[in-house]
Amino acid sequence: MIDKILKIKIKYIFAFVIFILLIIMSMKLSIYFFPDESMRYDIPKYIFTHGVLPKGDEKEIINQIWGFSYGYTPYLPSLISVVFMKITSFFTMNSSALLIAARMTSILSGVLTYLVCYSIGEEFFSSKKIINLFSLLVALLPQFIFLSSYINNDAFSVLTTALILLMWIKGIKSNWSYKTCIFLGIAIGLCALTYYNAYGFILCSIFIYCISCYKAKFTIKEFLIKGIVIFISAFVVAGWFFIRNFLIHNGDFLGMNSMYECGEKYAMEGYQMSKRQTYQVLGYRHPLLQPAWLLSTLQSFICATGYMEHLISYPLLIVYVIILFIGFVFGIYKRKTELFKINNYFLICLLLCMLIPVLLSAHYSYTIDYQAQGRYIMSMLIPLMLIVSMGYNYLEIKLQKYTIINKLSISQLITVIYILLFIYSIIKYFVPYFTNTII
């Protein structure tokens, strides 16, 4: 009983510390410090002001350079931000207060991602040390903290992937109880309304469900009924947006084509899709074959603040890479855990959920706009850190006879080092850019 109370205390103490840190950052970092925030903020600000959803081509939300807005593609985090803005407006209409309120969606996404990852850890590992390691590997990645402090779709997207992964585990363990099917559908719906680069989780959900049902020897009737429950739950959450897009954008339910058409019409000269000098047009090598693209993406996946001006230093990057590489290699090689059997199909899905966002980001850089940014592959964060934690879980078991200073285990040592790296990153890449005016 005492251990359980202590575990809860540690869990919520960390959550509270993360929340306070994110609140401080949201109150101290300017809207001009965050990539795309001003353009993202246009959406909740428009809904808050007019009380209606944008179609995408409204003049007050169209970016003057690119000629389009984010009103065409899914923007569920913006809708949630409007709720916080409305609550704040009862007390003040101060522009800075409203901006901080809009940022609350990302802030809570960062905190909730930590808590959901803690739950995932409890389903996977019996060791509290590994559970703590996994949840902190995710929550204290400097770039994820950065994304959790301002208006974007990325932080909420990572939260939805954590929810989906948790439902995969619960579904397999419970032979897909109806409750789990409903929650998986809801998580998929939330993911669909957030960020296209995370759609690999939706595809893998289908694969996970089908293979696990086959291994559990479901009847065709049971397989179809529970599959329909998942689909209906997802459709109830997300269907309205894509139906609306289909109706107002001449069948373009994703909104991508309509967004680019808007850009062709309103973008500054030379910024239209048809006139961009992309790597594909210029005949350059694919980004995946370019060390510069890969390195920049890796650096900014770990830590890059501002508009990519403040990249993590190479020595610090090397330390992070070593920590993740060691865990990843052993996680792939020895993937057994105490509580959850890692079947090949489950591991394949984890790897696919890492690979798909990288391929999508590289394709975007090659065909549309060169962007070697780690935030575009952030949806791989949860599966990556889960595999890394599995590796350290294996090492923990193999090296349990050996302790370091004051019986510090390998997982505890990595946790301490990771926290220290995080604190150093905050001091170096965040604190110097605190301002008194955020808007």
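Notes on the structure follow. Source: prediction; values computed, not measured.

## Observations regarding the overall build of the protein
Then step 1. If you tally the helices and strands in the protein, you get 17 helices and 2 strands.
Then step 2. Against the compact-globule benchmark of 22 Å for 439 residues, the protein has a radius of gyration of 22 Å, which places it among compact chains.
Then step 3. Taken along the three principal axes of its C-alpha coordinates, the protein extends 65 × 60 × 55 Å.
Then step 4. Burial analysis of the protein (439 residues in total) assigns 55% to the buried set.
Then step 5. Summarising the internal contacts of the protein: among those between residues at least 6 apart in sequence, 77% fall at separations of at least 24.

## Describing empty space enclosed by the protein
Then step 1. Using the criterion set out here, one finds 1 cavity of 30 Å³ or more in the structure.
Then step 2. Of the pockets and cavities examined, the largest cavity occupies roughly 40 Å³.
Then step 3. If you go around the largest cavity, the residues you meet are Pro35, Gln143, Phe146, Ser300, Ala304, Gly306, Met308, Gln373, Gly374 and Arg375.

## Considerations on the packing of helix H16 (residues 381-398) against helix H17 (residues 410-429)
Then step 1. Contact geometry for H16 and H17: axes closest at 8 Å, N-to-C directions at 135°. Classed by the angle they form, the pair H16 and H17 counts as oblique. Taking contact as the criterion, the partners of Met385, Tyr392, Leu395 and Glu396 in H16 are, on H17, Ile410, Ser411, Ile414 and Tyr418.

## So, unusual backbone geometry
Then step 1. The phi dihedral of Asn175 is positive, around 55°, even though this residue is not glycine.
Then step 2. With respect to the helices, strands and loops of the structure, Asn175 is situated in the loop between helix H7 (154-173) and helix H8 (178-192).
Then step 3. Even without being glycine, Trp176 reaches a positive phi, approximately 60°.
Then step 4. What makes Trp176 buried here is its relative accessible area of 1%.

## Let's talk about the packing of aromatic side chains
Then step 1. One pass over the full model with this rule turns up 29 aromatic pairs.
Then step 2. Arranged with centres 6.0 Å apart and planes meeting at 85°, the rings of Trp168 and Phe346 form a pair that is edge-to-face. Remark: Phe346 occurs in helix H15 (residues 344-367) and Trp168 occurs in helix H7; sequence separation between them is 178 residues.
Then step 3. For Phe346, a relative accessible area of 1% translates into the label buried.
Then step 4. Ring pairs connect the aromatic residues Phe33, Phe34, Phe146, Tyr150, Phe430 and Tyr433, which therefore count as one cluster.

## Structural notes on the environment of Leu339
Then step 1. One can find Leu339 in the loop between helix H14 (314-333) and H15.
Then step 2. Given a relative accessible area of 41%, Leu339 falls into the partly exposed group.
Then step 3. Once the C-alpha coordinates of Leu339 and Ala15 are considered, the two residues, 324 residues apart in sequence, prove to be 24 Å apart.
Then step 4. The contacts of Leu339, once residues within four sequence positions are left out, are Glu122, Glu123, Phe124, Phe125, Ser126 and Lys173.

## Side note on the layout of surface pockets
Then step 1. Quantified by volume, the largest pocket comes out at close to 1,100 Å³.
Then step 2. Around the largest pocket, the lining is made up of 39 residues, and of these Arg40, Tyr70, Tyr195, Tyr364 and Tyr376 lie nearest the centre.
Then step 3. Looking at the lining of the largest pocket residue by residue, the class counts come to 21 nonpolar, 11 polar and 7 charged.
Then step 4. Put simply, the second largest pocket is a space of about 570 Å³.
Then step 5. Residue lining of the second largest pocket: 22 residues in total, with Ile188, Ile202, Ile206, Phe231 and Ala234 positioned closest to the centre.
Then step 6. The set of elements that each furnish at least two residues to the lining of the second largest pocket consists of H8, helix H9 (200-215) and helix H10 (220-248).

Conventions adopted
Residues numbered from 1 in each chain as written. Predicted model: local features only at pLDDT ≥ 70, side-chain atom pairs only at ≥ 80, totals over all residues. Heavy atoms only, no water. Helix = DSSP H or I, 4+ residues; strand = E, 2+ residues; numbered from the N terminus. Rg over C-alpha atoms; globule rule 2.2 N^0.38 Å. Buried < 20%, exposed > 50% of the residue type's maximum accessible area, 1.4 Å probe, protein only. Contact = heavy atoms within 4.5 Å. 1 Å grid on protein atoms, 1.4 Å probe; cavity = no way out; pocket = protein on both sides within 12 Å on 5 of 7 lines; lining within 4 Å. Points joined across faces, edges and corners; volume = space filled by probe spheres on them. Axes fitted to C-alpha atoms, helices over the stretch in contact; angles between N-to-C directions. Parallel < 35°, antiparallel > 145°, perpendicular 65-115°, else oblique. Phe/Tyr/Trp six-rings, centres within 6.5 Å; stacked < 30°, edge-to-face > 60°. Nonpolar A, V, L, I, M, F, W, Y, C, P; charged D, E, K, R; others polar.

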